[in-house]
Amino acid sequence: MEKTWNNKAWFMVLPVLLLVAFSAVIPLMTVVNYSVQDTFGNNQFFWAGAEWFEEILHSDRFHAALGRNLFFSLVILLIEIPLGIVIALNMPRRGWGVPVCLVLMSLPLLIPWNVVGTIWQVFGRVDIGLLGRTLEALGINYNYVQNPVHAWITVFIMDVWHWTSLVVLLCYAGLVSIPDAFYQAAKIDGASRWAVFRYIQLPKMNRVLLIAVLLRFMDSFMIYTEPFVVTGGGPGNSTTFLSIDLVKMAVGQFDLGPAAAMSIIYFLIILLMSWVFYTVMTNYDAER
Amino acid sequence: MAKIDLNHIRHAYGPNPQSPKDYALREVHHSWDDGGAYALLGPSGCGKTTLLNIISGLIHPSHGQLLFDGQDVTNLSTQERNIAQVFQFPVIYDTMSVYDNLAFPLRNRGVPEADIDRKVRETLDMIDLADWAKKKARGLTADQKQKISLGRGLVRSDVNAILFDEPLTVIDPHMKWMLRSQLKQLHRRFGYTMVYVTHDQTEALTFAQKVVVMYEGEIVQIGTPEELFERPKHTFVGYFIGSPGMNVMPVKLAGAIASLGSHRIELPAPAKLGDATKVELGIRPEYVRLGRQGMPVTIAKVEDIGRHKIVRARLEGQELAIIVGEGQEIPTEPHVAFDPRGINIYADSWRVEG
Ligand SMILES: Nc1ncnc2c1ncn2[C@@H]1O[C@H](COP(=O)(O)OP(=O)(O)OP(=O)(O)O)[C@@H](O)[C@H]1O
Ligand SMILES: [Mg+2]
């Protein structure tokens, strides 16, 4: 059959191109535009070249925020992944407990970020919060507004509360795909609880775990709303993450140039991380 | 190695069994002799796997008791019972090498590494995977996986019994035959108590000293292959064993005479029926004589299968299979006679002992 060539079909793609242009390309280019210029107001811009980038890359403030971000991601991964695995392992595989557990696990995931922040902000308050009051009644001098360590602990616990469910659900999906025959064979072979985990359950969860790590890392690296609502980045700068710092700089101080440079660097870091994860995952798949 | 007694074992998977239909195992009361090689034969869903899982302790029976050498083990765990079992669907540990897969049951029991090595190498030779020892088990073909699964069942030498649940389904016929003779040899050497589940009656008949036939959650007959063939205790055994199966037709009985429609068939001995509602006569195609005398039949089809011919005929509206020799010709006015040696009478599907 003769194929008909009709280049008018390209016009069909035009709406999507426009959409992408307005939603991604133009904003991004605006940022790039700001990052290489300086302004003293009145919409007067001067060429600044790579100046802002150099400034950001050498600024202690940026290093500190980046360090806090990495520390935050590392700690919540170290807590959420093992905790998620343990919870998933202990969830029932059949019976009425399954829907109950699944709903309970999904609840935190359904709550919007800022609401989670508000919940914990109120929960932890020393004057009216249940947690704050309880700790005080127990004689523990807890105050996340003034004590950086307490602020960090609050942010950690909040994230663990909010996101461990995701790891649990992913792991659970891996676990329920294991046929009963594997557990039966393990019993016949006299495998210990640990051996069952190590040789049957963990291999089946491998893939979903990698996805869980990726999602949790990306998400925690970009965290903004919850700590902003709870601590506002404080006390001082102690819980100021990259995203919070960025907003402070762009909206608070109106330093558009450095802020733009910083967001590009931030973006490149995330791009790099995604690439590393993607490579690791595809290599892992190829190996199978 | 142990003698295994199943003491009135019943099992239902559901929580509140009411009628016999709710039981996957209705009632099994039977002993497996120490060192016996049994084949367990039966249609799909009759409870074979359930029975094996009860013996190995993977399932706790709803009723009844299990004894190993007279010791009650009903409440012991799988590990304490020390049974090897090979599953219907091959189970392999993906991340381990073939060698480690076989070594796994031994390592879990703390066997010294030198003994492990010797046993694993022996088993690898037996299942013909010695060249694959170092390979990851993940990439293997279905039949190699099944061999590993089988190997893990054979690698321990101190087990009370080995249970095989259709262990050779995806293995090609030649390898199947080799593995089966290996199993027989192993049995002779170590005298394990072996139970071998299969759908395949030739496999059952060649492997075992005793064949156990199950039907709808019950053991209907235990016997040597000859007994199953000559004296099926239940019409199901008659149908299931033999190819083609036994001819079974409803008859009326008076003393030692059975009437089939207008025909009268003399029995070797009068049968005691009790108050049975359904009386049937069973005769294997091998014992039906085709000739010019006896009861007239119409022939529907003749299947030539090489060594002999199977004649599909109708007698008094009943289907009747007849086996005739290769050279024998089919008469134009065919009649059949029943060899009295091959006649069995069934009351409510169970054989009436003469
Ligand atoms: N885990 C289970 N839960 C509920 N019912 C089950 C379960 N396992 C088996 N059954 C039922 O118990 C009966 C016996 O099953 P079983 O697996 O023992 O049969 P089988 O003889 O091994 O069949 P096959 O030859 O198909 O393997 C079947 O009716 C089956 O549906
Ligand atoms: Mg089965």
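Residues numbered from 1 in each chain as written. Chains lettered and ligands numbered in written order. Predicted model: local features only at pLDDT ≥ 70, side-chain atom pairs only at ≥ 80, totals over all residues. Heavy atoms only, no water.

S.K.: Help me understand the coordination of the magnesium ion (ligand 2) in this model?
M.R.: A four-donor tetrahedral metal ideally has 109.5 degree angles, and a six-donor octahedral metal ideally has angles of 90 or 180 degrees. All names here are of chain B. Coordination of the magnesium ion (ligand 2) by the protein comes from Thr49 (OG1) and Gln88 (OE1), over a distance range of 1.9 to 2.5 Å. Highlighted residues: threonine 49 in helix α1 (residues 48-56) and glutamine 88 in the loop between β6 (83-86) and α3 (98-108), separated in sequence by 39 residues. According to the relative accessible area criterion, threonine 49 is partly exposed, its value standing at 28%. (Donors = N, O, S within 2.8 Å, 3.2 Å for Na, K, Ca; no water. Helix = DSSP H or I, 4+ residues; strand = E, 2+ residues; numbered from the N terminus. Buried < 20%, exposed > 50% of the residue type's maximum accessible area, 1.4 Å probe, protein only.)

S.K.: Looking at this model, I keep getting lost on the pairing of strand β1 (residues 4-11) of chain B. Mind explaining?
M.R.: The side chains of a regular strand alternate between both faces of the sheet. Residue and element names in this part refer to chain B. One ladder, built from five bridges, connects β1 with strand β4 (residues 63-68); its direction is antiparallel. Note on β4: the bridge partner recorded for asparagine 7 is glutamine 65. Here β1 runs beside strand β2 (residues 25-32); their pairing, made up of five bridges, is antiparallel. Following the sheet pairing, leucine 6 is matched in β2 by histidine 30. (Pairing = 2+ DSSP bridges.)

S.K.: Could you clarify how one ought to interpret the domain arrangement of chain B in this entry?
M.R.: Interface size is commonly expressed as the accessible surface area that is lost when the partners come together. Residue and element names in this part refer to chain B. By the assigned domains, chain B splits into domain 1 (4-235) and domain 2 (243-351). Residue-level contacts link nine residues of domain 1 with 13 residues of domain 2. Summing both partners gives a buried area of about 1100 Å² for domain 1 against domain 2, and 52% of it is carried by carbon and sulfur. Considering only the surface of domain 1 that becomes buried against domain 2, Phe229, Arg231 and Thr235 emerge as the three largest contributors, covering 52% of it. Linking domain 1 to domain 2 there are zero salt bridges. Our count for the domain 1 to domain 2 interface comes out at nine residue pairs in polar contact (both at pLDDT 80 or more). Considering every element that reaches the side of domain 1 that touches domain 2, the biggest residue donor is helix α8 (residues 225-230), with three residues. (Domains from an automatic or database assignment. Contact = heavy atoms within 4.5 Å. Buried area = accessible area lost by both parts, 1.4 Å probe. Salt bridge = Lys/Arg side-chain N within 4 Å of Asp/Glu carboxyl O. Polar contact = N/O pair within 3.5 Å; in protein donor to acceptor, adjacent residues only side chain to side chain.)

S.K.: How should I be thinking about the packing of helix α7 (residues 148-176) of chain A against helix α9 (residues 193-221) of chain A in this particular structure?
M.R.: Packed helices, taken two at a time, are described by their axes: the angle between them and the distance between them. Residues and elements named next belong to chain A. In the contact formed by α7 and α9, the axes pass within 8 Å of each other and the chain directions differ by 150 degrees. Classified by the angle their axes make, α7 and α9 are roughly antiparallel. Once α7 is placed against α9, the crossing between them reads as right-handed. In this structure, α7 contributes Asp159, Trp163, Leu166, Val167, Leu170, Cys171, Gly174 and Leu175 to the contact, and α9 contributes Gln201, Lys204, Met205, Val208, Leu209, Ala212, Leu215, Arg216 and Asp219. (Axes fitted to C-alpha atoms, helices over the stretch in contact; angles between N-to-C directions. Parallel < 35°, antiparallel > 145°, perpendicular 65-115°, else oblique. Left-handed = near helix turned anticlockwise from the far one by under 90°.)

S.K.: Looking at this model, I keep getting lost on the confidence of the model for chain B. Mind explaining?
M.R.: It should be kept in mind that the predicted coordinates are not to be read in detail where pLDDT is low. On average, residues of chain B score 89 in pLDDT, and 99% of them reach the 70 mark or higher. At the low end of the mean pLDDT range in chain B sits helix α7 (residues 201-207) of chain B, at 81; at the high end sits α3 of chain B, at 94. (pLDDT = per-residue confidence, 0-100.)

S.K.: I tried to follow α7 of chain A on my own but got confused; where do I start?
M.R.: Since the α-helix packs 3.6 residues into each turn, any two residues three or four apart lie on the same face. Residue and element names in this part refer to chain A. In this model, α7 (29 residues) spans 41 Å end to end at C-alpha, consistent with the 42 Å of a helix rising 1.5 Å per residue. Of all the bends in α7, the greatest measures close to 40 degrees and is centred on tryptophan 163. At the N-terminal end of α7, a side-chain oxygen is found 2.9 Å from the backbone nitrogen of valine 149, two or three residues along, and the residue is asparagine 147. (Expected span 1.5 Å × (residues − 1). Bend = angle between axes of the 7 residues up to and from the residue.)

S.K.: What exactly am I supposed to notice about the packing of helix α5 (residues 142-154) of chain B against helix α6 (residues 173-190) of chain B here?
M.R.: Residues and elements named next belong to chain B. Put simply, α5 and α6 touch, their axes get as near as 13 Å, and they point 0 degrees apart. By the angle between their directions, the pair α5 and α6 is classed as roughly parallel. Counted together, Lys147, Leu150 and Leu154 of α5 and Met175, Leu179, Leu183 and Leu186 of α6 form the full contact between these two elements. Class assignment of the residues belonging to the contact of α5 with α6 gives a composition of six nonpolar, no polar and one charged. (Nonpolar A, V, L, I, M, F, W, Y, C, P; charged D, E, K, R; others polar.)

S.K.: Could you clarify how one ought to interpret the sheet that holds strand β19 (residues 308-315) of chain B in this entry?
M.R.: Sheet strands pair by backbone hydrogen bonding; their relative direction is either parallel or antiparallel. Residue and element names in this part refer to chain B. What the three strands build is an open sheet, ordered β18-β19-β20; its pairing is antiparallel. The open sheet has two edge strands, β18 (298-304) and β20 (318-325), and neither has a second partner. Between one strand and the next, the sheet's axes are offset by a mean angle of 25 degrees, whatever the strand orientation. Bridge count for β18 against β19 is six bridges, and the pairing is antiparallel. Residue pairing for β19: valine 302 is matched across the bridge by valine 311.

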